[in-house]
Number of protein chains: 2
Amino acid sequence: MENYKIPKKSVERLSIYKRILKGIMDAGFTTVSSRELAERAGLNSAQVRKDLVYFGQFGTPGMGYHVSILHRTITKIMGLHKKIPVALIGVGNLGQALLSYQGFKERGFIIESIFDNDREKVGKIKNGLKIMDERNISIEIKKKNIRVGIITIPSSAAQSAANKLIKGGIKGILNFAPIELKVPSRTTVVNVALCEKLEMLSYYLSKRKLL
Amino acid sequence: MENYKIPKKSVERLSIYKRILKGIMDAGFTTVSSRELAERAGLNSAQVRKDLVYFGQFGTPGMGYHVSILHRTITKIMGLHKKIPVALIGVGNLGQALLSYQGFKERGFIIESIFDNDREKVGKIKNGLKIMDERNISIEIKKKNIRVGIITIPSSAAQSAANKLIKGGIKGILNFAPIELKVPSRTTVVNVALCEKLEMLSYYLSKRKLL
DNA sequence: TAGATTGTTAATCGATTAACAATC
DNA sequence: TAGATTGTTAATCGATTAACAATC
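Please read all numbers here as calculations on a predicted model, not as lab measurements.

How each quantity is defined
- Residues numbered from 1 in each chain as written.
- Chains lettered and ligands numbered in written order.
- Predicted model: local features only at pLDDT ≥ 70, side-chain atom pairs only at ≥ 80, totals over all residues.
- Heavy atoms only, no water.
- Helix = DSSP H or I, 4+ residues; strand = E, 2+ residues; numbered from the N terminus.
- Contact = heavy atoms within 4.5 Å.
- Areas by Shrake-Rupley, 256 points an atom, 1.4 Å probe, with all protein chains shown as cover.
- Near = heavy atom within 4 Å.
- Nonpolar A, V, L, I, M, F, W, Y, C, P; charged D, E, K, R; others polar.
- Least-squares fit on C-alpha atoms with pLDDT ≥ 70 in both.
- Buried < 20%, exposed > 50% of the residue type's maximum accessible area, 1.4 Å probe, protein only.
- Pairing = 2+ DSSP bridges.
- Axes fitted to C-alpha atoms, helices over the stretch in contact; angles between N-to-C directions.
- Buried area = accessible area lost by both parts, 1.4 Å probe.
- Salt bridge = Lys/Arg side-chain N within 4 Å of Asp/Glu carboxyl O.
- Polar contact = N/O pair within 3.5 Å; in protein donor to acceptor, adjacent residues only side chain to side chain.
- Core = buried A, V, L, I, M, F, W, Y, C linked by side-chain atoms within 4.5 Å.
- Parallel < 35°, antiparallel > 145°, perpendicular 65-115°, else oblique.
- Domains from an automatic or database assignment.

Colleague: Sorry, what's going on with the overall build of chain A here?
Modeller: A tally of regular secondary structure across chain A gives 9 helices and 10 strands. In terms of overall dimensions, chain A has C-alpha extents of about 65 × 50 × 35 Å along its principal axes. Considering only residue pairs separated by 6 or more positions, chain A has 56% of its internal contacts joining residues 24 or more positions apart. Put simply, chain A shows about 10500 Å² of open surface, and 52% of that area lies on carbon and sulfur atoms.

Below, the structure is given as C-alpha cells:
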C-alpha cells in the first residue's frame, strides 16, 4: 500500500487492466491469471503482478485474481466510484465534443459549468448549460465547488484560463492545449497531446516511405 | 542517421522540440543551446543532445543549434512538410471536432473522405464533405489513394472499421477508440487514450484526497 | 497430494545523466 | 586565445523480466 513511489506507468496501466477486466467480467468469467491479463494487455505477466502489488495483494496463489473484485478495487483506487463535477473551458468544436462524450459521463465526470471568451457564444445554451464568460471562472467554480477543469481553448489563451481556474481553487486540469501550463505544485495537470500523436504517426509513416 | 533503434520517447520529444523551436524562432532568436531547449522542455541537456543526434548532427560546438534550420529539419524528418490525405471514420461529436480541428490542417493532414454507419447521417454534408457509408471505406480510400485513417467510433465498431481500412490499403491509423486494434505489422496504429488520461487525473486527485 | 499461480527477489535491459575531449 | 557548447563515453538510475519459494 506504499504510495509514494508508484511509477506513473503502473498507474497508466491500471486503467488498461480495468478495461480488460470489464471485458472478462462481461464474458462471464470469475477469475483471471496474471498471464491472461498480460496477454490481453500485450505485457509480461511479472509486470502485471508487480503493477498490482503496488496497490495491494489482490491475488490468490494457484487461482489468480477475482475478476469483479479486482475491477471494483481498481475503480475505487482510481477514485472512479463517485461523481466528479467538472468545468469546461472552451466551447469550440473539441469542447462541444467533450460535452457529449460518453466516456466522461461513464467515469463519473459531470460537466457542470462551461465557459468561453467569445462574446457571440456567451449566454447561449449547450447541452442544457449556459455558456458563461471566461472572466467569471474563479467566482463560478468557487461557488459550485468544482475541483476539476478541462481546457480546450487555443494555447495562447490556455495559461490565462488556467490561472483563473487556480484562483478559483481548482485541483486538477485536463489540458488539451499543446503547452506546458505553469501551475502551483498543489494542482495536478494531465496533458492530452493530440498534436504529438498525430506527428508521431506522420513520422512512422514517413520513415517507412509510406506518405 | 541510424533509424532502426531510435527510442519511441525520442520521437515523441522531437515533436516537443519542434514546438519550442517554433516559439524561439517567432521570438526572433537565431541560435539555441541544448541547455535552453532542455530548460523549456523540462529535460536534461544531455538528453536533448542525445535525442537530436539520433537524427543527425545539427549543432555547432560553442554555438548551439540554428533555430530555423533545426525546426525545418525536424519538420522534414517527421514528414510534416507535405500534405497527407486522410479518411475520417465516425462523424459523431469527436469526429466533427476533428473535422474542423486546426491542428490537423496546420500539420498538413487533410481530411478528404468521411464515413459513418448511421443511416441518418449518410448522405449529409459536413465541412463540404459528403458523409459516406462505412461499407464503402475500402473502395473509396483505394480510389482516392488515402493512406491515413482516423477512427472516432465506439470500441464495438472500431475493429470492423479498421479491417475495412486495411482492406483498402491504409498505412496508418490514429485510433481514438479505447481498444487495442489488431492490424498487420505493415500498418501503424497510434492510440489516443482519452479515457486513460481522464482516469489518471482522477487517480492523482483521489490519492491526495481532493475529490 | 499435484498443479497452478501468486508475490518477490535477483538479473537484465534500457534510458537518463554526468563528465569531458573535441571544436567552434 | 578563452569561453562556450557540442557529440559521445561511462556511470547511474529505474523499469522490465526471469526465476522461484510460498501457498492455494
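Colleague: Even after reading the chapter, I still don't get the protein's contact with DNA strand C, so can you show me in this structure?
Modeller: If you check the shell around DNA strand C, you find 25 residues, and the closest are A:Ser34, A:Arg49, A:Gly62, A:Tyr65 and B:Gln47. Here DNA strand C approaches the protein such that, of its atoms within 4 Å, sugar and phosphate make up 69%. The set of elements that each furnish at least two residues to the surface near DNA strand C consists of α3 (45–53), β2 (59–60) and β3 (64–66) of chain A together with α1 (8–26) and α3 (45–53) of chain B. With 4 residues, the top contributor of residues to the surface near DNA strand C is α3(B). Here the residues of the surface near DNA strand C are counted per class, giving 8 nonpolar, 11 polar and 6 charged.

Colleague: Honestly, the relation of the copies chain A and chain B in this entry has me stumped. Any pointers?
Modeller: Each of the two chain copies goes to the other by way of a rotation about an axis and a shift along it. Between chain A and chain B, which share one sequence, the superposing operator has a rotation angle of 180° and an axial displacement of 0.0 Å; the RMSD is 0.0 Å. Interpreted geometrically, this transformation is the action of a two-fold axis. Among all residues of chain A, the one whose C-alpha sits closest to the rotation axis is A:Ala97, at a distance of 3.1 Å. Of the residues that chain A buries at the interface, 100% are likewise interface residues in chain B, meaning the two copies contact each other through the same surface.

Colleague: Mind showing me how you'd approach the pairing of strand β4 (residues 84–89) of chain B here?
Modeller: Working note: regular strand, side chains alternate between the two faces of the sheet. Residues and elements named next belong to chain B. In terms of burial, β4 is a largely internal element, 6 of the 6 residues being buried. A two-sided burial pattern is seen for β4, the buried positions comprising Ile-84, Val-86 and Leu-88 on one face and Pro-85, Ala-87 and Ile-89 on the other. Of the strand pairs in this sheet, β4 and strand β5 (residues 109–116) are connected by 6 bridges, and their pairing is parallel. Bridged to Val-86 within β5 is Ile-111. Pairing between β4 and strand β8 (residues 148–151): 4 bridges, direction parallel. Looking at β8, one finds that Ala-87 is bridged to Gly-149.

Colleague: Looking at this structure, how should I read the sheet that holds strand β9 (residues 172–175) of chain A?
Modeller: For sheets, the rule is that strands pair by backbone hydrogen bonds, running either parallel or antiparallel. All names here are of chain A. Strand order in the open sheet made by the 7 strands is β6-β7-β5-β4-β8-β9-β10, with mixed pairing throughout. The outermost strands of the open sheet, each flanked by one partner alone, are β6 (125–126) and β10 (188–191). Each of β4 (84–89), β5 (109–116) and β7 (129–133) is contacted by helix α7 (residues 137–144), which is oriented at about 155° to β5, the strand it contacts most.

Colleague: Just to check I follow, could you spell out the environment of A:Gly28 for this structure?
Modeller: By the secondary structure assignment, A:Gly28 is in the loop between α1 (8–26) and β1 (31–32). Along the backbone, A:Gly28 and A:Ser68 are 40 residues apart, and their C-alpha atoms lie at a distance of 9.9 Å.

Colleague: Whenever I open this one, the interface of chain A and chain B confuses me. Can you help?
Modeller: By a frequent convention, interface size equals the accessible area lost on bringing the separate parts together. Counting residues at the interface gives 61 residues for chain A and 61 residues for chain B. Of the roughly 5700 Å² buried at the junction of chain A and chain B (both faces included), carbon and sulfur atoms supply 65%. Counting the surface chain A buries against chain B, the share from its top three residues, A:Leu198, A:Glu199 and A:Tyr203, is 13%. Linking chain A to chain B there are 6 salt bridges. For A:Glu199, the salt bridge identified is with B:Arg107, shortest N-O distance 2.7 Å. Here chain A is connected to chain B by 22 residue pairs in polar contact (both at pLDDT 80 or more). Among the elements that take part in the side of chain A that touches chain B, helix α9 (residues 194–207) of chain A stands out by supplying 14 residues, more than any other. Of the residues that constitute the side of chain A that touches chain B, the class distribution is 32 nonpolar, 13 polar and 16 charged.

Colleague: What's the story with the protein's contact with DNA strand D in this structure? I'm lost.
Modeller: For DNA strand D, the set of nearby residues contains 25 residues, the closest of which are A:Gln47, B:Ser34, B:Arg49, B:Gly59 and B:Tyr65. The sugar-phosphate portion of DNA strand D accounts for 69% of its atoms within 4 Å of the protein, the bases making up the rest. Interatomic distance of 2.8 Å between a side-chain N/O atom of A:Gln47 and a sugar or linking oxygen of DNA strand D. One of the backbone nitrogen or oxygen atoms of B:Gly62 is found 2.9 Å away from a sugar or linking oxygen of DNA strand D.

Colleague: Could you clarify how one ought to interpret the sheet that holds strand β1 (residues 31–32) of chain B in this entry?
Modeller: All names here are of chain B. Taken in spatial order, the 3 strands make up an open sheet running β1-β3-β2, and their pairing is antiparallel. Edge positions in the open sheet fall to β1 and β2 (59–60), since each of these has one partner strand only. Each of β1 and β3 (64–66) is contacted by helix α4 (residues 67–77), which is oriented at about 70° to β3, the strand it contacts most.

Colleague: Looking at this structure, I do not really get the nonpolar core. What am I missing?
Modeller: A general feature of soluble globular proteins is that nonpolar side chains tend to end up buried together. By size, the foremost hydrophobic cluster in this structure holds 96 residues, and its most contacted members are A:Phe104, A:Leu174, B:Phe104 and B:Leu174. Excluding residues that lie within four positions of it along the chain, A:Phe104 makes contacts with A:Leu98, A:Phe109, A:Ile111, A:Ile150, A:Leu174 and B:Leu198.

Colleague: I keep staring at the packing of α1(A) against α3(A) and nothing clicks. Help me out?
Modeller: All names here are of chain A. The contact between α1 and α3 brings their axes to 10 Å, and the two run at 105°. When the axis of α1 is compared with that of α3, the two are roughly perpendicular. On the side of α1, the interface is formed by Ser-10, Arg-13, Leu-14 and Tyr-17, while α3 contributes Gln-47, Val-48, Asp-51 and Leu-52. Looking at the contact of α1 with α3 residue by residue, the classes come out as 4 nonpolar, 2 polar and 2 charged.

Colleague: What is the right way to look at the domain arrangement of chain A in this model?
Modeller: Per the domain assignment, the segments making up chain A are domain 1 (3–77) and domain 2 (84–196). A straight line from the C-alpha centre of domain 1 of chain A to that of domain 2 of chain A covers 32 Å.

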